[in-house]
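Spelled out, the chains give:
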Amino acid sequence: MPRPGFVLDVDRSTPPTLFWHGEGFRLERLPTGSRVIYPPEAHEPLADPDEAIRHALLNPHGTDPLPALLTPGMKLTIAFDDVSLPLPPMRRPDIRQRVIEAVLDMAAAAGVDDVQLIAALALHRRMTEAELRHALGDRIYDAFEPHGLLTQHDAEDPSKMLHLGTTDQGEDVEINKRAAESDMLVYVNINLVAMDGGHKSVATGLASYKSLRHHHNVRTMQHSRSFMDQHRSELHSSNWRMGKHIAAQGVKIFQIETTLNTNTFPEQFAFLQKREWEWKLPDRARYLAVSKSLDRTPSKLARSIFQSIKAPHQMTSVQAGEVEAVHAVTTDNVYKQQLVEVQGQTDILTMGLPYICPYNVNSIMNPILVMCLGLGYFFNLYRGQPLVRQGGVLIMSHPTPWEFNPVHHPSYIDFFEQVLAETTDPLEIEAKFEESFATDPWYIHLYRTGHAYHGVHPFYMWYWGAHAMDHLGGIIVVGGDVRAVRRLGLKPASTLRDALEMAEDVVGRDPSVTHLHTPPLLIADVK
């Protein structure tokens, strides 16, 4: 039986705590009286995932079984999550391959010939052939891609988009035309965290900038009090309004959502999933061997090593049918794996940021993505109220290199060097610069024809941190490139000890300190 999450009170006998630090990690001693929040252990996976998928398709929530909905001559579109999920990428076969193969088998049995697959990119970069083959398997790729039946959503092709009107709050709803005009749209989702899935799958994944700007903006992010709690997130509220409008326009969606356990790292990194006082001799030996090796490894090679990791996480649930009914079950399953009850807020929250986020798979974690991972994602790993109090301090550990992938993140470079050189205020950035980046012909060309994120994407990453910026009294980065950290408008510190001393200038003497020990993922249920 896997153990639940755990909150450790640090005393004099507590061993040093592991902090992620990009493509590496550090052992840090926290002050006596600090708390460390550990994630629950990985839940047992489904014994037979293929049979579980088939059962879900035959016993859906709120609708008829999938075979009963499939008829000869119908137009069927299958959309699926892109390379941003799961993290790290999972060992083959990927969940998407398993689910789509089951759907295709049922479609073939029903005599459905008009089938197309769409990678739901939103404004993300196009996936490479290797990434598509990994997600879908060689058999699906070879059967569909050469015939133009496997495509990647292009939000900037007017001929491939369809405007469905507006919500009751005036939000434009514009989604992929093939998906909207299909007799049935099957969406295959991987729910890594609680904010994934539901109406967000189609209303974001298959949308245009015209739609996305209604919820990917500063006001929405500042009014989303918890991205992991649907009922407290304005981001979710907007997506839900759009999703209901899409359904009202007659788009028939059959949603398939899956959850994973948190068995995140392969055996050679097993110590990363254990509590430090439970490390045995082999764990200590592995930590020392990996750490010493990384100390001698050039950063580019270290990045390549970590990006090659394929996670052993496995499916813990699969549910299918009507979007909202499915998502309610999915969210409960995510919470069962990830929730950890925590009593009260803290003055100072510390966290180590790893090498990967949704937007640098097979790429570089540039400074903007470091900010987004810390302030946009890890800060929001809570339900109820933030782990750190209003006016508190967040301390993040990451090398934060002044380095970018020019193929994947060209607009990020200009955003970092031009926009942030003038201001870091999200509202000013949005008002003054967003439209020019969003409509820039060169960025649009790179998004459509290469492997670049859309020109507006770095703005969205900055907005993701807007709630944290508004909530916190100070943000400190330990061990980061000093120039890069200052360009982000954050404070650099050489060591954790220095950072804690700097934080006391904001929150006062003898502060409470809490460390978020993730990944593996957890959601703090703050009481």
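Residues numbered from 1 in each chain as written. Predicted model: local features only at pLDDT ≥ 70, side-chain atom pairs only at ≥ 80, totals over all residues. Heavy atoms only, no water.

Trainee: Talk me through the sheet that holds strand E19 (residues 513-516); I want residue IDs and the actual numbers.
Mentor: Across a sheet, strands are paired by hydrogen bonds formed along the backbone, either parallel or antiparallel in direction. Spatially, 7 strands are ordered E1-E4-E19-E14-E16-E17-E18 in an open sheet, and the strand pairing comes out mixed. Across the chains shown, the open sheet's two edge strands, defined by having one partner strand only, are strand E1 (6-9) and strand E18 (491-493). Neighbour-to-neighbour, the strand axes of the sheet open up by a mean angle of 25°, direction not taken into account. Across 6 bridges, strand E14 (residues 346-352) lies against strand E16 (residues 388-397) in parallel orientation. Across the sheet, residue methionine 351 finds its bridge partner in E16, namely methionine 396. Along the sheet face, helix H21 (residues 496-507) touches E14, E16, strand E17 (474-478), E18 and E19 and points at about 165° away from the line of E16. (Pairing = 2+ DSSP bridges. Helix = DSSP H or I, 4+ residues; strand = E, 2+ residues; numbered from the N terminus. Axes fitted to C-alpha atoms, helices over the stretch in contact; angles between N-to-C directions. Contact = heavy atoms within 4.5 Å.)

Trainee: Kindly report on empty space enclosed by the protein, identifying the contributing residues and their values.
Mentor: Going through the model one piece at a time under the given rule, you end up with 3 cavities of 30 Å³ or more. In this structure, the largest cavity encloses a volume near 760 Å³. Around the largest cavity sit 48 residues that line it, and Ser84, Leu85, Asp196, Pro358 and Tyr377 are the ones nearest its centre. Listing elements by their share of the lining of the largest cavity, those giving two or more residues are strand E10 (184-191), helix H7 (200-205), helix H14 (367-378) and helix H18 (457-464). Here the lining of the largest cavity is built from residues that sort into 30 nonpolar, 14 polar and 4 charged. There is about 40 Å³ of room inside the second largest cavity. Along the walls of the second largest cavity sit Gly198, His199, Val202, Ala203, Gly243, Ile246, Ile253, Gln255 and Val323, which together make up its complete lining. (1 Å grid on protein atoms, 1.4 Å probe; cavity = no way out; pocket = protein on both sides within 12 Å on 5 of 7 lines; lining within 4 Å. Points joined across faces, edges and corners; volume = space filled by probe spheres on them. Nonpolar A, V, L, I, M, F, W, Y, C, P; charged D, E, K, R; others polar.)

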